[in-house]
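# Observations on the three-dimensional arrangement
What follows is each chain in one-letter form.
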Amino acid sequence: MRLLMEQTMGKHDSGQPLKTGVVMDPVSGIDIKKDSTFAMMLESQRRQHELLYMEPGDLMVEDGVPVASMRAIEVEDDAADWYRLGQPERRPLGDLDIILMRRDPPFDMDYVYLTYILDLAEREGALVINRPQSLRDANEKFFISLFPQCCVPVVITRAASRIRRFVEEHGLSVVKPLDGMGGESIYQLRPDDPNLNVILESMTPQDEQLVMVQRYIPEISEGDKRILLVGGEPVPYALARYPGPGDFRGNLAKGGTGKGVPLSERDRWIVSQVAPELNRRGILFAGLDVIGDWLSEVNVTSPTCIRELDAEYGLNIAGQLFDVAEGRLGQR
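Below or above, wherever it landed, is the structure these notes cover. (Residues numbered from 1 in each chain as written. Predicted model: local features only at pLDDT ≥ 70, side-chain atom pairs only at ≥ 80, totals over all residues. Heavy atoms only, no water.)

When its secondary structure is counted, the protein shows 8 helices and 18 strands. The C-alpha radius of gyration computed for the protein amounts to 21 Å, which stays within 12% of the reference 20 Å derived for 332 residues, consistent with globular compactness. Reported as C-alpha extents along the three principal axes, the dimensions of the protein are approximately 65 × 45 × 40 Å. Here the protein holds 332 residues, and 52% of them are scored as buried. About 14800 Å² of surface is accessible on the protein, with carbon and sulfur atoms providing 46% of the total. Taken together, the 37 basic and 52 acidic charged side chains of the protein have centroids lying 2 Å from each other. (Helix = DSSP H or I, 4+ residues; strand = E, 2+ residues; numbered from the N terminus. Rg over C-alpha atoms; globule rule 2.2 N^0.38 Å. Buried < 20%, exposed > 50% of the residue type's maximum accessible area, 1.4 Å probe, protein only. Areas by Shrake-Rupley, 256 points an atom, 1.4 Å probe, with all protein chains shown as cover. Lys, Arg positive; Asp, Glu negative; His and termini not counted. Charge placed at Lys NZ, Arg CZ, Asp CG, Glu CD.)

Turning next to the packing of helix H4 (residues 160-170) against helix H5 (residues 196-203). Packing of H4 against H5 leaves a shortest axis separation of 10 Å and a crossing angle of 135°. Taken together, H4 and H5 sit at an angle that is classed as oblique. As for the relative orientation of H4 and H5, their crossing is right-handed in sense. Residue-level inspection shows Ala160, Ile163 and Arg164 of H4 in contact with H5, the latter providing Leu196, Asn197 and Leu200. When grouped by side-chain class, the residues that make up the contact of H4 with H5 number 4 nonpolar, 1 polar and 1 charged. (Axes fitted to C-alpha atoms, helices over the stretch in contact; angles between N-to-C directions. Parallel < 35°, antiparallel > 145°, perpendicular 65-115°, else oblique. Left-handed = near helix turned anticlockwise from the far one by under 90°. Contact = heavy atoms within 4.5 Å. Nonpolar A, V, L, I, M, F, W, Y, C, P; charged D, E, K, R; others polar.)

Another aspect to go through is the pattern of salt bridges. Taken as a whole and judged by the stated rule, the model has 18 salt bridges. Ionic pairing is found between Arg47 and Asp323, a salt bridge with its closest N-O pair at 2.7 Å. Within this pair, whereas Arg47 is found in the loop between helix H1 (36-46) and strand S2 (50-54), its partner Asp323 is found in helix H8 (residues 317-331), the two being separated by 276 residues in sequence. Owing to a relative accessible area of 5%, Arg47 belongs among the buried residues under this scheme. Look at Asp323 and you get partly exposed, because its relative accessible area is 47%. With its nearest N and O atoms 2.8 Å apart, the salt bridge here joins Arg136 to Asp119. Of this pair, Arg136 sits in helix H3 (residues 132-137) while Asp119 sits in helix H2 (residues 109-123), and the two are 17 residues apart along the sequence. (Salt bridge = Lys/Arg side-chain N within 4 Å of Asp/Glu carboxyl O.)

Following this line, the structure appears as structure tokens:
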């Protein structure tokens, strides 16, 4: 396999290559045509970083020291042969300059425990993208509650009776779990639907599970836009994701199709409302989901759509991210 090399190299002041670790789900299972983590690995390699691969189970803490079984990885933009792994080597996480936390949800307690390990790595000097504390604090559904001016009516509750009143008041609505991704377990709620009680019993059994309910946004037919922010600055184009046949969800994982669109004035206003809070929390890479004129989610765990926008507009979004990251390291 050919190792991609160019003249540009990310280095320490000492002249040594930067060390970038990637925590992700198994690389063997990704679709490189649309995997944003793969774009980041390609860019790290292009900069001649020492690139190291970790799965969540490789991280541990030994006597207070965060360590991991890491493997050097080479990547190539070839769908038939896109990665090659070296032998595992146990190393302190604090030895890394940059750690890309790219594990997908569900955001369960195992995910939270993983961020605790990354807290220790951050304390030892690694730049973790995104910051572990912010991954815990900025739940991708709940976080929009900080920006009600950008959102349609929404309620977060575990009470089925409150959800019924919301649907009676606002009509067609959508209910979502707070810990999912990719359109999983999202249902439409209609006041006259005989299955309404069944859906609520499934989503919040015995009124014990918090869920989010939003007024339905009919502009989903015009695309659910993913706006990427790098260091608080928006990429000038969004990926509009259109629902597939017989579905109301625009998620690409659920059969939606994507097409790039320029940001609108309203999109940029929403960015202006959200970006300062992301910057304050050290969230260097985020994806805002906007339907029509309304913010629906803020994705901070493993935002996607880099590959699609790069291909359509000739961008290098991962390059922008590493420019920001290397700048932060330089400030230290």
